Amino acid sequence: MMDRVIELLDVWKAYDGVQALRGLNLEVYKGEIFGLLGPNGAGKTTTIKIIVGLLKMDRGSVRVNNFDIFEEPYGYKKFIGYVPESVSLPDYLTLEEFLIYSGKIRGVPNEQIRERMNHYINLFELTDKRRALILSLSRGMRQKIAIAAALIHDPDILILDEPFIGIDPAGQHMIKEIFNERVKDGKTIFISTHMLDTAERLCNRVAIIHNGQNVASGDLKNLQQLSEVGENATLEEVFLKLTEEAKEPIIEETAERKRRGFLGLIGRKI
Amino acid sequence: MSSNIILDIYKLKIKVFFGSFRASKTSLALLAIYALGFLPSVFGFSLMITSAVKQENANIDLYVENLAAVISGFISVILLLALRGCTAYEYEQSLIFTSPVTPRKFLFASLFADLTESLPFTHPIFVLFGATVYSLGIEPPSTLMMFFLIIFFIFMLLFLKISLSILNSLYKRLWLKAMMLVFVILSLLPALAGFSTGFPLRYSLLPHPSTFLSRFLINIVYSKSSQLMDIIGLLSYFIFSLALFMFVSGKNFFQHVTYIPFVSPFDTSMRVQTLKMERTIKTFSRTGMVFTLNIESKSLLGFLMKKEMLRMLRDGSLFSVAFFYIIMTVVMSFTSISGRQGAEVPIYAFFIFFISTYSLIVPLMLVSNWRFSEFENIWIPLTSCLDPRLISKALLYDFMLIASLVPAVVVLILSVIFSISPLLPLVLISSTSIVGSSTNLYLMIKFFGKKRRSTPSFLIGWASMLLSGLLLIPTYVLTILSTYLKLNDAINAFISIPLLIYSIFIMRYFLKKTGENIINIEV
């Protein structure tokens, strides 16, 4: 039995009356690269934000490294590193200052901050930019800095929302290498992406979510069987088949909502 | 068809402009507080005007001069706004300028939109008009005439503003800008007569639009028949501005417009905040690079405080505070000079007044700048294992330190120059910075989360100032009493202790509340 490092059970979340998650269940195991896939508005970013503590769920339970994040909202965060979809960094700090700040607020000892900071600055080829203000750096460089900051405390779980956007092919290759290295060391990578070909090659397992529900999860073989698209089908074909199928209950639900009125469905588990 | 397009553009512009108010009921409530907040001073001002008008030996010529000076002030503001050329929001560029809408239709829609958009902010003028007309018992036909005259004048100003902005954008001629500046100076020059009776230039001697309007209005108030010259004068200016407007609206100025990367002035989106801060960081970061964030800090609170200090240094917050107090020092020096020349001007009272006003604004400036800088960066500490309450503590300590330390230095210098006891001003500064920083930070963080973040900063600032002002009533009352009773330093020291204890109590309360809010922020 593999160790579960992230576990979501019946998670619900609504924004201004719009149901973003509808009883989402998800399991991520130790030492894997896990991909969260889904069409626009499926609830990927909401799921990630709940896991990292930027959003509060309305109902359900989330466990990260055996911490119930509702019971212990801070302790578990020392085991996670996070990179958001749109990276915003303090423009007024230099690259070096930002990494020091990131390390300090995560309780990393000074020596380790220095060591890891130098390592990632060299790795991402940002040596000549270490004393430059973040303001002056390109979008790709900012993304690399955000990844370096998420790794400064050597977290067990790295959570990234669309990590490859704005990064050049060489940078993408380097990041994938980092992911593979970390997985070898027993760390976990959790990514959300629209890039299905990348997910197919990179991820050990994926979950496809649609309208706030987990439509299917597993490795490519499992998904091929589940979607019945054939054993040579690509992840893209599987994804399209499963998300198309997942639309049907929603259409039925919309019809039911019309019949019963919107209030009749609030909080109902579908 | 044509009027439909104008109406559609008008509706779009209004919806976009007031978008942030539509996004949350809180914004609307704050806007209502903001609007109502002006009423006491408007009614007070109306009473002042009424009593001046009803005076038996009223100097009508002087009133015409004063009103003309005020109207000239409005004209000058309009001309100065036109100096930057024609501006358009990004959505206007992508939606309207790429459609078959003609510049004239766009300008007509903009004209009515400008008028509507200004109403929530210029309403005190109309309230003042209504209150004054009512208390003076002016007949309805005369009231209507005055009202339409004001509207007529506002249209004239808008025609001028739009036309001159477009001319500036189209021709980009230095002489045009110079001419407008000269007109602004000439418009304001006769106002100097109010300060010196020997000044030869008077509005009544000039064929200025403000002279015609003020004379027309004051003649109505005093039930005198209007002079034909004033009517012809006003009409000529109106026809001129309308003709200019029609002329420029026939030009295709769309390619010459300067784009504003906002959706509306109240746009609080990440991109806009970043753009706004980028400029100031570029300016101030050079000086701020002398200091760096040191890894060796032992206490995390100290480290966070240093980081915020560095931000304030590099995003210009510290400079703004210092600049603010430089202005105060200059004003104080002038006040002192005029006090020595004439009658005994209570310098100490001025001193106290300026400090109490400034030290209430400074925390708001600091907290607002923090909001602009850190609006989108808050995810960084919130996804770390750091207790967010430590961030609010570090922020508050920094704000209190800056809001009290900078003015304290100024006060000490001024007290030496003017031989004034610094005790009470220092207590006043400490109290206002403690209470002001804690209430401002509390409200700003309350409006930081996903649900309320669309609330415009200026409305949050307004509510914060109001709350701080109310909580500082004990401080103000004791300070005023002490100033007028001319209490000595020993008694002042005695009353300062409960004041400071009270301020610290307020600070502790709001720090706790801020902590509760920061841990519940959703981004």
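Residues numbered from 1 in each chain as written. Chains lettered and ligands numbered in written order. Predicted model: local features only at pLDDT ≥ 70, side-chain atom pairs only at ≥ 80, totals over all residues. Heavy atoms only, no water.

A. Expanded view of the sheet that holds strand E3 (residues 33-37) of chain A. Residues and elements named next belong to chain A. Taken together, six strands build an open sheet; the order of strands is E6-E7-E8-E3-E9-E10 and the sheet is mixed. Both outer strands of the open sheet, strand E6 (80-83) and strand E10 (213-218), are each paired with one neighbouring strand and no more. Between one strand axis and the next, the sheet turns by 15 degrees as a mean value, whatever way the strands run. In the packing of helix H1 (residues 44-52) onto the sheet, the strands contacted are E3, E6, strand E7 (157-161), strand E8 (188-192) and strand E9 (205-210), and the crossing angle to E7 comes to about 145 degrees. This element, helix H7 (residues 220-227), spans E9 and E10 of the sheet and lies at about 125 degrees to E10. (Pairing = 2+ DSSP bridges. Helix = DSSP H or I, 4+ residues; strand = E, 2+ residues; numbered from the N terminus. Axes fitted to C-alpha atoms, helices over the stretch in contact; angles between N-to-C directions. Contact = heavy atoms within 4.5 Å.)

B. The interface of chain A and chain B, seen in detail. Counting residues at the interface gives 33 residues for chain A, matched by 41 residues for chain B. Across the interface of chain A and chain B, roughly 3500 Å² is buried in total on both sides, 64% from carbon and sulfur atoms. Connecting chain A to chain B are three salt bridges. Where chain A touches chain B, the interface holds 19 residue pairs in polar contact (both at pLDDT 80 or more). Elements that contribute at least two residues to the side of chain A that touches chain B include exactly strand E1 (4-15), H1, E6, helix H2 (95-105) and helix H3 (110-123) of chain A. Per-element accounting of the side of chain A that touches chain B gives the leading share, six residues, to H2(A). Tallied by class, the residues present in the side of chain A that touches chain B amount to 19 nonpolar, three polar and 11 charged. (Buried area = accessible area lost by both parts, 1.4 Å probe. Salt bridge = Lys/Arg side-chain N within 4 Å of Asp/Glu carboxyl O. Polar contact = N/O pair within 3.5 Å; in protein donor to acceptor, adjacent residues only side chain to side chain. Nonpolar A, V, L, I, M, F, W, Y, C, P; charged D, E, K, R; others polar.)

C. Up close: the pattern of salt bridges. Applying the stated criterion to the full structure yields 24 salt bridges over all chains. Among the ionic pairs, A:Glu27 bridges to A:Arg4, the shortest N-O distance being 3.4 Å. In this pair, A:Glu27 sits in strand E2 (residues 18-29) while A:Arg4 sits in strand E1, placing the two residues 23 residues apart along the sequence. Looking at A:Glu27, the relative accessible area reads 29%, which means it is partly exposed. Overall, the relative accessible area of 31% leaves A:Arg4 in the partly exposed class. One network of salt bridges, with partners in common, ties together B:Lys307, B:Glu308, B:Arg311, B:Asp315 and B:Glu374. (Buried < 20%, exposed > 50% of the residue type's maximum accessible area, 1.4 Å probe, protein only.)

D. Just the environment of B:Ser236, in detail. All names here are of chain B. Mapping Ser 236 onto the fold places it in helix H11 (residues 228-249). Judged by its relative accessible area of 39%, Ser 236 falls in the partly exposed class. C-alpha of Ser 236 to C-alpha of Ser 468: the two residues are 232 residues apart in sequence and 50 Å apart in space.

E. How the structure looks around the environment of A:Phe70. All names here are of chain A. For Phe 70, the location among the structural elements is in the loop between strand E5 (67-68) and E6. Overall, Phe 70 belongs to the exposed group, its relative accessible area being 66%. Between the C-alpha atoms of Phe 70 and Met 57, which are 13 residues apart in sequence, the distance is 9.1 Å.

F. Local environment of H11(B). Residues and elements named next belong to chain B. The terminal C-alpha atoms of H11 lie 31 Å apart, and with 22 residues this matches the ideal 32 Å at 1.5 Å per residue to within 8%. Along H11, the residues that are buried comprise Asp 230, Gly 233, Leu 234, Phe 238, Ser 241, Leu 244, Phe 245, Val 248 and Ser 249. Seen along its axis, H11 keeps its buried residues to an arc of 130 degrees; they face one direction. Of the exposed residues in H11, the ones pointing more than 90 degrees away from its buried face are Leu 228, Met 229 and Ile 239. Where H11 is buried, its residues touch helix H7 (103-136), helix H8 (140-171) and helix H10 (209-221). (Expected span 1.5 Å × (residues − 1). Arc of directions from axis to C-beta.)

G. Up close: the sheet that holds E1(A). All names here are of chain A. Strand order across the open sheet formed by four strands is E2-E1-E4-E5, with antiparallel pairing between neighbours. The open sheet is flanked by E2 and E5, the only strands paired with a single partner. Sheet contacts for H1: E1, E2 and strand E4 (59-64); angle to E1, the most-contacted strand, approximately 115 degrees.

H. Quick look at the confidence of the model for chain A. Here chain A shows a mean pLDDT of 86. Residues at 70 or above account for 90%. Ignoring residues within four places in sequence, the model shows residues 250-270 of chain A, a span with pLDDT below 50, making 18 contacts including any to other chains. (pLDDT = per-residue confidence, 0-100.)

I. Structural context of the domain arrangement of chain B. Considered domain by domain, chain B is made up of domain 1 (2-260) and domain 2 (270-518). The straight-line distance from the C-alpha centre of domain 1 of chain B to that of domain 2 of chain B is 35 Å. (Domains from an automatic or database assignment.)

J. Summary view of the environment of B:Thr98. Here B:Thr98 shows up in the loop between helix H6 (90-96) and H7. A polar side-chain atom of B:Thr98 sits 2.6 Å from the main-chain carbonyl oxygen of B:Ser94.

K. Spotlight on the packing of aromatic side chains. Taken as a whole, this structure holds 24 aromatic pairs over all chains when the rule is applied. Relative to A:Phe190, the ring of A:Phe34 lies with its centre 5.4 Å away and its plane at 40 degrees, an arrangement referred to as tilted. Placement of A:Phe34 in strand E3 and of A:Phe190 in strand E8 is noted, with a sequence separation of 156 residues between them. A single burial state applies to A:Phe34 and to A:Phe190, both of which are buried. Here A:Lys104 stacks its cationic end above the ring of B:Phe303, 5.5 Å away from the centre of that ring. Above the ring of A:Tyr101, the side-chain terminus of B:Lys307 is found at 4.6 Å from the ring centroid. (Phe/Tyr/Trp six-rings, centres within 6.5 Å; stacked < 30°, edge-to-face > 60°. Lys NZ or Arg CZ within 6 Å of the ring centre and 35° of its normal.)

L. Structural view of unusual backbone geometry. Residues and elements named next belong to chain A. Positive phi outside glycine occurs at Glu 125, with the angle close to 55 degrees. Residue Glu 125 is classed as exposed on the basis of its relative accessible area of 60%. In this structure, Asn 211 is a non-glycine residue whose phi angle is positive, near 50 degrees. Along the chain, Asn 211 falls in the loop between E9 and E10. Assessed through its relative accessible area of 23%, Asn 211 is described here as partly exposed.

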